[in-house]
Amino acid sequence: MVVKIDLSYIPSNIQLIILDIVERFVSSQKEFSDRIITLYNENSVQKIKHILEEGLRLRDLNDYIISENTLDETEIAVLKKGDIEQLGIYVCMHCGMAFESEIQRSIHQRVHYF
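Since this is a predicted model, take the numbers as computed values, not measurements. (Residues numbered from 1 in each chain as written. Predicted model: local features only at pLDDT ≥ 70, side-chain atom pairs only at ≥ 80, totals over all residues. Heavy atoms only, no water.)

A. Structural context of the pairing of strand β1 (residues 3–6). Pairing geometry for β1 and strand β3 (residues 36–39), over four bridges, is antiparallel. Bridging from a neighbouring strand, Lys-4 pairs with Thr-38 of β3. (Pairing = 2+ DSSP bridges. Helix = DSSP H or I, 4+ residues; strand = E, 2+ residues; numbered from the N terminus.)

Here's what the structure looks like:
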């Protein structure tokens, strides 16, 4: 399986941090081109997502999140929290799950209170 990481929505200094995280903690074969990191022979998108989330957390970059592409299950994107709603992506503030509308997010967020 191939996993793609889209860096096109973040500034170049954050892109370099993501590249460093991938180089250090992801052992699969990698290709970097045009703001996309392609990871070959990788079997878990969730594992890569977790590695990136931990790397950002350890560097105190809490304004950025890792979001799954709803149209392509093998692609994730690094996004800044305040900018993503402009792209039509609404993220749960409790778990980071992405939704296509504010209504879907609101309904989902109620689950966290029960």
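B. Spotlight on helix α2 (residues 45–58). End to end, α2 covers 20 Å across 14 residues, agreeing with the expected 20 Å (1.5 Å per residue, within 8%). Among the residues of α2, those classed as buried are Val-45, Ile-48, Lys-49, Ile-51, Leu-52, Gly-55 and Leu-56. All buried residues of α2 fall inside an arc of 160° around its axis, so they share one side. In this structure, the buried side of α2 is in contact with β1, α1 (12–25), β3, β4 (64–68) and β5 (75–80). Residue Ser-44 occupies the N-cap position of α2, its side-chain oxygen lying 3.4 Å from the main-chain nitrogen of Gln-46. Phi for Asp-60, located one or two positions after α2, is positive at around 55°. (Expected span 1.5 Å × (residues − 1). Buried < 20%, exposed > 50% of the residue type's maximum accessible area, 1.4 Å probe, protein only. Arc of directions from axis to C-beta. Contact = heavy atoms within 4.5 Å. Polar contact = N/O pair within 3.5 Å; in protein donor to acceptor, adjacent residues only side chain to side chain.)

C. Focus on the state of the cysteines. Considering all chains together, one arrives at zero disulfides under this definition. Not part of a disulfide, Cys-92 finds its nearest cysteine sulfur in Cys-95, a span of 3.7 Å. You can call Cys-92 buried: its relative accessible area is 2%. Judged by relative accessible area, Cys-95 falls into the partly exposed class, the value being 42%. (Disulfide = S-S within 2.5 Å.)

D. The nonpolar core, seen in detail. Of all hydrophobic cores here, the largest spans 21 residues; its most connected members are Ile-5, Ile-18, Val-22, Leu-39, Ile-48, Leu-52 and Val-78. For this core, the elements supplying multiple residues, two or more each, are β1, α1, β3, α2, β4 and β5. Sort the elements by how many residues they give to this core and α2 lands first, with five residues. Sequence-distant contacts of Val-22, that is, excluding residues within four places in its chain, are made with Ile-5, Lys-30, Ile-37, Leu-39 and Leu-52. (Core = buried A, V, L, I, M, F, W, Y, C linked by side-chain atoms within 4.5 Å.)

E. Region of the structure containing the pairing of strand β2 (residues 30–33). When β2 meets β3, the two strands line up antiparallel, connected through four bridges. Note that in β3 the partner of Lys-30 across the bridge is Leu-39. Once β2 ends, the chain turns through two residues before running back antiparallel as β3, passing Asp-34 with a positive phi of about 50°.

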